[in-house]
Amino acid sequence: MSDVGIDAHLQVQRDDFRLDARLQLPSTGISVLFGRSGCGKTTLLRAIAGLDRAQGQLSFCGERWLDGTYCLPTHRRPLGYVFQEASLFDHLDVRDNLTFGYRRVTRAERHIDLDEATALLGLEPLLARRANQLSGGQRQRVAIARALLTSPRLLLMDEPLASLDLDSKAEILPYLERLHTELSIPVVYVTHSPDEVTRLADHLVLLDAGQVRACGSLNELLTDPGLPLAQLDEAAAVITATLAEHDAHYHLSTLNVPGGTLTVALSGLPLGTRTRLRILARDVSLALAPPHRSSILNSLPARIQDLTPDRDPGRLLVRLDLGSTSILARITRRSADQLELRPGLDVYAQIKSAALVR
Ligand SMILES: Nc1ncnc2c1ncn2[C@@H]1O[C@H](COP(=O)(O)OP(=O)(O)OP(=O)(O)O)[C@@H](O)[C@H]1O
């Protein structure tokens, strides 16, 4: 990794649980800590913040935060922390909640101002409202803006959507996506929601029983047949795409993707927008020749990287190299034998359906 943000080997001992996590996270983008309930996501996040006592080493962008007996206290670590439930000052209005931390940052250290944070989280109409008159989603947006106004160099978020209903989650996700595109500070984000992973993660850390099972870029881990994500029914690749053309007549949009173009249902996004495209493994089939007179619009040249047994004994998982990224195909073992598929073979990936991630 060229630009390392967090470089850590952290241990936390609890009565019946031990965290022993080695990880390196990049200094940009959203890194998601992912894993089942109780695997240690919150424990690791709190150890990074210095909120719980940890052993080991931790540095951030080369600065030592923990090393043996040396421990930089939380209030001296330049980080913002967003908890599952926003703890606001209920008797204050939104503006006063926001300025609370902001005033304590010296002018020279400020890299985001009140207007920017308010605009980024869409809080203008709420500034005069008292905190106890906000919905759960609005409270969480205020909590995120308040964390940003302390001008952190690292933002830690512990399941910020977990206590919200579906509508509030849908309301807040676009704001989190904006953080992603408009701010350059790295975010470490805890969730066990696959949807949030797909929408937000650039980088993924898979935790299992207190240990890091894998750590890498989102699509690298999603398409790794040795990891549990590729064995899910919903196994999918998430690739980056750019909107290239809208066809109002046929109600379709075309996107540039690694290795070619793909067509999806007409999108309202402007041409040139960079977005994410989710391609389910079960929606990809393989052919040895380019499709001829097929109803499938999407076909990309690809090279087989590997073939791995699937949970279903009648099927195989095929990882396909598109050049700069990979996708998965779930096909029958019989087809694989009939087509004599093997690593290194050039094929055509026929994609029945692909969806913009939103
Ligand atoms: N304060 C504590 N004292 C003792 N044990 C704790 C404490 N906090 C967490 N644990 C235990 O540590 C383990 C990891 O908990 P942690 O909250 O980090 O998991 P998690 O992956 O964040 O889970 P979830 O997704 O359910 O929030 C669990 O077994 C939990 O019971």
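Owing to the predicted nature of the structure, the values given are computational and were not obtained by experimental measurement.

The rules behind the values
Residue indices follow the written sequence of each chain, beginning from 1 at its first position. Predicted model: local features are reported for residues with pLDDT of at least 70 only, side-chain atom pairs are reported and counted for 80 or more only, and whole-chain, interface and lining totals are derived from all residues. Calculation of side-chain values draws on the structure's entire complement of heavy atoms; hydrogens and water are dropped beforehand. Helix and strand assignments come from DSSP, with helices taken as H or I runs of at least 4 residues and strands as E runs of at least 2, each series counted from the N terminus. Both definitions apply: the radius of gyration is a C-alpha atom measure, and the globule rule equals 2.2 Å times residues to the power 0.38. Working definition: with a 1.4 Å probe on protein chains only, accessible area under 20% of the residue-type maximum means buried, over 50% means exposed, and in between means partly exposed. Contact definition: two residues touch when any of their heavy atoms are within 4.5 Å. Only the protein chains shown count as cover for residues, and all accessible areas are computed by the Shrake-Rupley method using a 1.4 Å probe. Note that the domain bounds reflect an automated or database-derived domain assignment. The buried area of a pairing is the accessible area, by a 1.4 Å probe, that goes missing from both parts when the two are put together, added over both. We count a salt bridge whenever a side-chain nitrogen from Lys or Arg sits within 4 Å of a carboxyl oxygen from Asp or Glu. Here a polar contact is recorded for every N or O atom pair within 3.5 Å, except that within protein the pair must consist of a potential hydrogen donor and a potential acceptor, and residues adjacent in sequence are included only if both atoms are side-chain atoms. For this classification, the nonpolar set comprises Ala, Val, Leu, Ile, Met, Phe, Trp, Tyr, Cys and Pro, the charged set comprises Asp, Glu, Lys and Arg, and every other residue, Gly included, is treated as polar. In this analysis an axis means a line fitted to C-alpha atoms, helices contributing only their contacting stretch, and an angle means the value between N-to-C directions, from 0 to 180 degrees. Should an angle lie under 35 degrees it is considered roughly parallel, over 145 roughly antiparallel, and from 65 to 115 roughly perpendicular; all remaining angles are considered oblique. For any pair of crossing helices, the crossing counts as left-handed if the nearer helix is rotated counterclockwise from the farther one by less than a right angle, and right-handed if it is rotated clockwise. In this analysis, rings of Phe, Tyr and Trp, with Trp reduced to its six-membered ring, are considered paired at centre separations within 6.5 Å, and the interplanar angle assigns stacked below 30 degrees, edge-to-face beyond 60, and tilted for intermediate values. For a lysine, the NZ atom is tested; for an arginine, the CZ atom; a charge sits over a ring if that atom is within 6 Å of the ring centre and within 35 degrees of the ring normal. Strand pairing is assigned whenever DSSP identifies at least 2 bridges connecting the two strands.

Regarding the overall build of the chain
Right, so step 1: Within the chain one finds 8 helices and 21 strands.
Right, so step 2: Relative to a compact globule of 358 residues, whose C-alpha radius of gyration would be 21 Å, the chain shows 23 Å and is just as compact.
Right, so step 3: The proportion of buried residues among the 358 residues of the chain is 51%.
Right, so step 4: Considering only contacts within the chain whose residues lie at least 6 apart along the sequence, 65% involve residues at least 24 apart.
Right, so step 5: Carbon and sulfur atoms form 47% of the exposed surface of the chain, whose accessible area is close to 17,400 Å².

So, the domain arrangement of the chain
Right, so step 1: Looking at the chain, the domain boundaries give domain 1 (4-224) and domain 2 (236-356).
Right, so step 2: With centres defined by C-alpha atoms, the gap from domain 1 to domain 2 works out at 33 Å.
Right, so step 3: Between domain 1 and domain 2 the total buried area reaches about 740 Å² when both faces are included, carbon and sulfur atoms providing 46% of it.
Right, so step 4: It is Thr-198, Asn-219 and Thr-223 that lose the most area in domain 1 upon contact with domain 2, and together they represent 65% of the buried surface on that side.
Right, so step 5: At the surface where domain 1 touches domain 2, the tally comes to 1 salt bridge.
Right, so step 6: Counting every contact that joins domain 1 to domain 2 gives 7 residue pairs in polar contact (both at pLDDT 80 or more).
Right, so step 7: For the side of domain 1 that touches domain 2, the secondary-structure elements that each account for two or more residues are helix 6 (194-200) and helix 7 (218-222).
Right, so step 8: Per-element tally for the side of domain 1 that touches domain 2: the top contributor is helix 6, with 4 residues.
Right, so step 9: Taken together, the residues of the side of domain 1 that touches domain 2 sort by class into 5 nonpolar, 4 polar and 3 charged.

Considerations on the packing of helix 2 (residues 94-102) against helix 4 (residues 136-148)
Right, so step 1: Contact geometry for helix 2 and helix 4: axes closest at 7 Å, N-to-C directions at 30°. Judged on the interaxial angle alone, helix 4 and helix 2 are roughly parallel. Viewed along their axes, helix 2 and helix 4 form a crossing whose handedness is right-handed. Counted together, Val-94, Asn-97 and Leu-98 of helix 2 and Val-142, Ala-145 and Arg-146 of helix 4 form the full contact between these two elements.

Observations regarding the environment of Leu-25
Right, so step 1: Tracing the sequence through the fold places Leu-25 in strand 2 (residues 17-26).
Right, so step 2: Between the C-alpha atom of Leu-25 and that of Glu-245, which follows or precedes it by 220 residues, the distance is 35 Å.

Remarks on the packing of aromatic side chains
Right, so step 1: Taken as a whole and assessed by the stated rule, the structure comprises 3 aromatic pairs.
Right, so step 2: Its end group placed over the ring of Tyr-70, Arg-64 keeps NZ or CZ at 4.2 Å from the ring centre.

Notes on the sheet that holds strand 20 (residues 346-351)
Right, so step 1: Strand order in the open sheet formed by 5 strands is 16-20-17-18-19, and the pairing between neighbours is antiparallel. Each edge of the open sheet carries a strand with a single partner, namely strand 16 (284-287) and strand 19 (326-332). Shown here is a sheet whose adjacent strand axes are inclined to one another by a mean of 45°, direction ignored.
Right, so step 2: Bridge count for strand 17 (residues 298-309) against strand 20 is 6 bridges, and the pairing is antiparallel. Counterpart to Arg-303 in the pairing with strand 20 is Asp-346.

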